[in-house]
Amino acid sequence: MNLAAVPAGLCLAAFLITPAHAGPGSTAGDSFLIGVGPRPVAFGEAFVGLADDASSIAYNPAGLARLRRTEVQFSHNMLAEDVHQEWAVAAVPGPWSFAAAANLIFVKPFEVFNENDQAVGEISSQDASYHLALARLLGPLSLGVSGKYLTSRLDTHKAHTLAFDAGALLRLTDDAYIGISALNMGGGTLRYIDQENELPRAFKAGASWTMLRRKSLGRALTMIADATVPAYDDPFVAGGFELKLYDALALRGGGRSRRDAGLGYSCGMGLSLTRSEESAFQIDFDYSFVDFGRLGGAHRAGITLRFGQRAPDAAQSVADMLDGSHRAPAPVRARRDRPELWQNEPKPSAPAPAPARPELQPSLKSKPKGPATPPPDESDLLRPLIYVNP
């Protein structure tokens, strides 16, 4: 069975399914479901089955175990003229990968009116979530969990609660992954005065498949697909792609069947200022656009900084396990942050001793019975070693 065909089929299905309209969510705190990071949003927020950068803390925290160097991300999102979103995350890889993030959504003060359509003043609104996550790599499987504190303010009224996200990511082959995640779990609620509202919980499953890889040209095409089942809304699917060229330019596109406004399509691009992925410092710029129809569109722009030498890929795939051939990591220097990559390196074996000369080995054959013969002269033993030049 070709394991790569599993995520490939899911990715294709996400693009072929006819979009079915699903309305906005029906729970409080729907703003916490707004996508973060220009790159995942350009994929239609289909990121559970890929989750290969620091923004995976918001989609599938298990993806943090895939990181091979420290990452810091910042992004700004203009949702509307009076609404904007700020996102920041820092992730550090290791035996236990760690990440912290903050997601802030601001609404500028706006006028409110009474039942007689008379202005009575202005109010403002702000939502925020703060995340702490851990992830662990176990062979081909990555596991992650993220705890978060959510707070919401409407004028002078505030609500806050705790929740957690959990996810898993399985490496089928070197180019194929599948993942699942559960978001806003824990049974927390947002309570305004005497009104209590459930969090917008959701379950996600996704897959990704990288093909047309050409290392000499820095080219690769990745297809991503997700399916989302909200606890209080209709299920929907999303899909996207990323085409990398010359390790410097990335073209992205995607869409989702859930369309609160517009056609539900998105696009974006990424630009890397460092051509070599082995560089000790890398800086990337990302941009995405989401169509909202007559309401316009949302523009996101962000920057990603990567620090430190790129660690070898120590993950094993399911295909390696089925073949019985675990790919050993390449020899590297001893590193304090990833000791498991060098402590188990095979040590060179001692050379085998040279065999003794056959003419000097004693004969093990039994001698015929008879009268004892005198011991040979020492010159007779050394005669085979003497070379006479004629």
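For the structure, check the block above.
The structure reproduced in this document is the subject of the present report. Not measured: the values here are computed from a predicted model.

Each value, and the rule that gives it
- Residues numbered from 1 in each chain as written.
- Predicted model: local features only at pLDDT ≥ 70, side-chain atom pairs only at ≥ 80, totals over all residues.
- Heavy atoms only, no water.
- Helix = DSSP H or I, 4+ residues; strand = E, 2+ residues; numbered from the N terminus.
- Buried < 20%, exposed > 50% of the residue type's maximum accessible area, 1.4 Å probe, protein only.
- Contact = heavy atoms within 4.5 Å.
- Areas by Shrake-Rupley, 256 points an atom, 1.4 Å probe, with all protein chains shown as cover.
- Polar contact = N/O pair within 3.5 Å; in protein donor to acceptor, adjacent residues only side chain to side chain.
- Core = buried A, V, L, I, M, F, W, Y, C linked by side-chain atoms within 4.5 Å.
- Salt bridge = Lys/Arg side-chain N within 4 Å of Asp/Glu carboxyl O.
- Pairing = 2+ DSSP bridges.
- Phe/Tyr/Trp six-rings, centres within 6.5 Å; stacked < 30°, edge-to-face > 60°.
- Lys NZ or Arg CZ within 6 Å of the ring centre and 35° of its normal.

## A look at the overall build of the protein
- In terms of helices and strands, the protein carries 4 helices and 16 strands.
- In the protein, buried positions account for 42% of the 390 residues.
- Counted over contacts in the protein with a minimum sequence separation of 6, partners at least 24 positions apart contribute 54%.
- Working note: accessible area of the protein is about 22,000 Å², and carbon and sulfur atoms make up 61% of it.

## Side note on the side chain of Lys148
- As for its placement among the helices and strands, Lys148 is situated in strand 5 (residues 141–154).
- With a relative accessible area of 9%, Lys148 lands in the buried category.
- Among the polar contacts listed, one links the side chain of Lys148 to the side chain of Asp165, at a separation of 3.0 Å.

## A closer look at the nonpolar core
- Residues Ile57, Tyr59, Leu64, Trp87, Val89 and Ala91 are the most contacted members of the largest nonpolar core, which totals 25 residues.
- Counting residues per element, the ones that place at least two in this core are strand 2 (83–92), strand 3 (96–113) and strand 4 (119–138).
- Here this core takes 3 residues from strand 2, the largest share from any one element.
- Beyond its immediate chain neighbours, meaning those up to four positions away, Tyr59 contacts Gly35, Val36, Pro40, Val41, Glu45, Phe47, Val48, Ser181 and Leu183.
- By size, the runner-up hydrophobic cluster in this structure holds 6 residues, among which are Phe32, Leu150, Leu190 and Leu199.

## Thoughts on unusual backbone geometry
- Phi is positive for Glu45, which is not a glycine, with a value near 65 degrees.
- On the secondary structure map, Glu45 appears in the loop between helix 2 (38–42) and strand 1 (70–80).
- By relative accessible area, which is 15% here, Glu45 ends up buried.
- Its identity as a non-glycine residue notwithstanding, Leu212 has a phi of 50 degrees, on the positive side.

## With respect to the environment of Leu245
- Mapped onto the elements of the fold, Leu245 is located in strand 12 (residues 236–245).
- With 27 residues separating them along the chain, Leu245 and Gly218 place their C-alpha atoms 5.6 Å apart.

## Brief notes about the pattern of salt bridges
- All told, the structure shown has 12 salt bridges when counted by the stated rule.
- Glu71 is paired through a salt bridge with Arg306; the nearest N and O atoms lie 3.2 Å apart. Here the residue Glu71 occupies a position in strand 1, and Arg306 occupies one in strand 16 (residues 297–307), the gap between them amounting to 235 residues. For the residue pair Glu71 and Arg306, the accessibility class agrees, reading buried in each case.
- Here Glu242 and Arg252 are joined by a salt bridge, their closest N and O atoms 2.7 Å apart. With Glu242 in strand 12 and Arg252 in strand 13 (residues 249–256), the pair connects residues that are 10 residues apart, well separated along the chain. Each of the two residues, Glu242 as well as Arg252, counts as buried.

## Regarding the environment of Val36
- The topology assignment puts Val36 in the loop between helix 1 (5–16) and helix 2.
- Along the primary structure Val36 and Ser75 are separated by 39 residues, whereas in three dimensions their C-alpha atoms are 8.1 Å apart.
- Those residues in contact with Val36 that sit more than four places away from it in its chain are Val41, Ala58, Tyr59, Gln85, Trp87 and Asn103.

## Observations regarding the pairing of strand 7 (residues 176–185)
- Burial runs high along strand 7: 8 of the 10 residues are buried.
- Looking at chain direction, strand 6 (residues 157–173) and strand 7 are connected through 8 bridges and run antiparallel. Across the sheet, the residue bridging to Thr173 is Ala176, located in strand 7.
- Adjacent in sequence and paired antiparallel, strand 6 and strand 7 are bridged by 2 residues.
- Looking at chain direction, strand 7 and strand 10 (residues 202–214) are connected through 8 bridges and run antiparallel. In the strand pairing of strand 10, Ile180 is matched with Ala205.

## Structural notes on the packing of aromatic side chains
- One pass over the structure, following the stated rule, counts 3 aromatic pairs.
- Summarising the aromatic geometry, the rings of Phe43 and Phe47 are spaced 6.4 Å apart at their centres and angled 25 degrees between planes, so their arrangement reads as stacked. The same class applies to Phe43 and to Phe47, which are both buried.
- Ring geometry for Phe281 versus Phe307: centroids 5.6 Å apart, planes at 50 degrees, classification tilted. A residue pair is termed long-range when its members are at least 10 positions apart, and Phe281 in strand 15 (residues 281–291) and Phe307 in strand 16 qualify at 26 residues.
- Since its relative accessible area comes to 34%, Phe307 is described here as partly exposed.
- Arg66 extends its terminal NZ or CZ atom over the ring of Tyr177, reaching a point 3.9 Å from the ring centre.

## Here's the deal with the side chain of Asn60
- Its location among the elements puts Asn60 in the loop between helix 2 and strand 1.
- Classification of Asn60 by relative accessible area gives buried; the value is 0%.
- Of note is the side chain of Asn60, whose polar atom sits 3.1 Å from the backbone oxygen of Val48.
- Each residue touching Asn60, except ones within four places of it in the same chain, is listed here: Val48, Ala51, Gly167, Ala168, Leu169, Gly179, Ile180 and Ser181.

None of the figures reported here should be taken as evidence of function without further support.
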